[in-house]
Amino acid sequence: MKIKVIIIGLGKIAHTYDEAIISLDRKPKSSLGHAFMDDNNFELVAGIDPDEKARERFLLGLGVPTYPNLQDIPPSLLQSVNAFVITAPTSVHISILSSLLTLKEDPWILCEKPMGISLQEVEALEELINTQRVLINYSRRFSEDIAICEKQFKSLIQDSFQMPPVLTCQVFGGILRTGSHFLDLFSYWFGLDPNRLENMTFLQSTPMGMLLNFNQVKVLYQDIDPAAEESYAVVTLECRDQSLRLIRDRLILKQGHNENYTDVVVDQAATIDAFYELITSNGKINRCSFNEAKNVHRMIDSIRLSQ
């Protein structure tokens with residue numbers, strides 16, 4: 001039997017990134033709504049958004065009924081659903097989850113990153129929900145192409161004469177919107193010691209930016225354009241006559257005068273698989289847990305306090 005799911009927040013990550021594609025083809029999906037429609041384990045039964053135009057676009061694009069808020073969903077439909085996806089703006093995550101928990105007891109939740117606008121708000125969320133039933137959509141964790149990037153970066157790190165080596169991460173789009181993705185990714189790839197966050201040895205301020213101490217590498221974090229319309233980062237590692245750069249949807253390996261390009265796609269279908277794994281394991285397998293996402297907020301707070 002398929003798991004019925006409701007999406008709350010019908011913007012880009014829910015639908016419009018893939019608005020022009022046919023929802024039932026096998027192309028990689030950039031939006032969760034299309035990924036759910038293409039997944040045999042789930043049935044997308046409703047979308048929620050207070051914006052009428054957003055609801056109309058979602059209904060037209062996916063043929064799924066929509067409602068202005070949770071309270072407008074027919075009780076019989078709500079009763080049949082125990083999986084919810086929060087893709088509304090970060091600033092309203094806590095109010096949405098508070099409202100949801102008055103209607104459903106212990107639901108499964110897939111929450112778009114970041115969880116809240118501050119560490120304080122995340123700690124408030126921790127008091128509200130069963131965190132073992134929450135998956136945070138730091139989608140790069142689930143991507144096969146990003147896993148290939150991880151192998152390439154770690155291979156070059158092994159060849160580095162500088163220990164620990166230093167990666168550069170130039171962020172466009174702000175620390176919450178864009179930077180949080182890459183802080184999580186570096187934590188996932190290279191390890192994070194929470195004690196460093198506690199004893200204030202995780203970072204140091206330099207004229208070039210914040211130097212972040214992950215277990216296997218140091219990362220020079222540079223907030224280039226917080227107000228950039230496009231959200232992306234440039235991650236660079238240089239080693240002797242070689243360099244590796246991840247930018248947007250491309251990994252570039254430069255060896256001497258030669259450059260090798262690898263396409264990198266982050267498919268939201270992989271997020272759906274991770275959510276299904278969380279539910280079917282009854283919370284035992286969580287590939288991006290609440291606590292891991294909370295550590296991202298702790299890193300963000302550390303960076304902000306040091307600026």
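Rules used throughout
The residue numbers shown here count from 1 along each chain, following its written sequence. Only residues with pLDDT of at least 70 get local features here, since the model is predicted, and only at 80 or more are side-chain atom pairs given and counted; chain-wide, interface and lining totals rely on the full set of residues. Side-chain metrics in this entry use all non-hydrogen atoms of the structure; hydrogen atoms and water are not considered. The helix and strand labels rest on DSSP assignments: H or I over at least four residues marks a helix, E over at least two residues marks a strand, and numbering proceeds from the N terminus. It only takes one pair of heavy atoms within 4.5 Å for two residues to be counted as in contact. Two strands make a pair as long as DSSP finds a minimum of two bridges between them. Within this document, salt bridges are pairs made up of a side-chain nitrogen of Lys or Arg and a carboxyl oxygen of Asp or Glu, the two lying within 4 Å of each other. Exposed residues in this analysis have more than 50% of their type's maximum accessible area, buried residues have under 20%, and partly exposed residues fall in between, with area computed by a 1.4 Å probe over protein chains only. To obtain each axis, a line is fitted to C-alpha atoms, and for helices this fit is confined to the stretch in contact; angles are then taken between N-to-C directions over 0 to 180 degrees. By definition, turning the near helix anticlockwise from the far helix through less than a right angle yields a left-handed crossing, and turning it clockwise yields a right-handed one. Only Asp, Glu, Lys and Arg are considered charged in this grouping, and only Ala, Val, Leu, Ile, Met, Phe, Trp, Tyr, Cys and Pro are considered nonpolar; every other residue, Gly among them, is considered polar. Note that the arc is defined by the directions from the helix axis to the C-beta atoms. Any two of the Phe, Tyr and Trp rings considered here, Trp counted by its six-membered ring, make a pair once their centres fall within 6.5 Å; the pair's planes then place it as stacked at under 30 degrees, edge-to-face at over 60, or tilted in between. Any Lys NZ or Arg CZ that is within 6 Å of a ring centre and within 35 degrees of that ring's normal is treated as a charge sitting over the ring.

A. Seen up close, the side chain of H93. Within the secondary structure, H93 is located in helix α4 (residues 93–103). Ignoring any residue separated from it by four or fewer positions in sequence, one finds H93 in contact with I86, A88, C111, E112, P114, M115 and G116.

B. Geometry of the sheet that holds strand β2 (residues 42–48). Strand order in the open sheet formed by six strands is β3-β2-β1-β4-β5-β6, and the pairing between neighbours is parallel. Sheet topology places β3 (66–67) and β6 (134–137) at the edges, where each strand pairs with a single neighbour.

C. Region of interest: the pattern of salt bridges. Evaluation of the coordinates by the stated rule reveals 10 salt bridges. Taking the shortest distance from any N to any O, the salt bridge between R141 and D184 comes out at 2.8 Å. Here D184 lies in helix α7 (residues 175–190) and R141 lies in the loop between β6 and α6 (144–158), a separation of 43 residues in the sequence. This pair shows no difference in class: R141 is buried, exactly as D184 is. Taking the shortest distance from any N to any O, the salt bridge between R141 and E292 comes out at 3.5 Å. Remark: E292 occurs in helix α10 (residues 290–306) and R141 occurs in the loop between β6 and α6; sequence separation between them is 151 residues. For R141, a relative accessible area of 6% puts it in the buried group.

D. Structural context of the packing of α7 against α10. As a packed pair, α7 and α10 sit with axes 9 Å apart at the nearest point and diverge in direction by 115°. In this structure, α7 meets α10 at a crossing whose hand is right-handed. Every residue of α10 that contacts α7 at I175, L176, S180, L183, D184 and S187 is listed here: E292, V296, H297, M299, I300, I303 and R304. Tallied by class, residues from the contact of α7 with α10 come to seven nonpolar, three polar and three charged.

E. Highlighting the pairing of strand β11 (residues 232–239). Most of β11 is tucked away, with seven of its eight residues classed as buried. With five bridges joining them, strand β7 (residues 166–172) and β11 adopt antiparallel strand pairing. When the bridges of β11 are listed, Q170 appears paired with V234. Hairpin connection, β11 to strand β12 (residues 242–247): the antiparallel pair is bridged by two residues, and R240 has positive phi, about 55°.

F. Seen up close, α4. Within α4, burial applies to H93, I96, L97 and L100. With its buried residues spanning 95° around the axis, α4 presents them on a single face. Buried residues along α4 sit in contact with β1 (3–8), β4 (83–86), β5 (108–112) and α5 (119–128).

G. Geometry of the packing of aromatic side chains. Evaluation of the coordinates by the stated rule reveals 10 aromatic pairs. Between F182 and F186, the aromatic rings sit 6.5 Å apart at their centres with planes inclined by 50°, giving tilted as the arrangement. Here the residue F182 and the residue F186 both occupy positions in helix α7, the gap between them amounting to four residues, near one helical turn. With relative accessibility at 1%, the residue F186 sits in the buried group. Both rings, one in F186 and one in F214, keep their centres 6.1 Å apart while their planes meet at 65°; by these two values the pair is edge-to-face. Of this pair, F186 sits in helix α7 while F214 is found in the loop between β9 (209–213) and β10 (218–225), placing the two residues 28 residues apart along the sequence. Clustering of aromatic rings is evident, with ring pairs tying together F153, F182, F186, W189, F190, F202 and F214. Above the ring of Y232, the side-chain terminus of R248 is found at 4.0 Å from the ring centroid.

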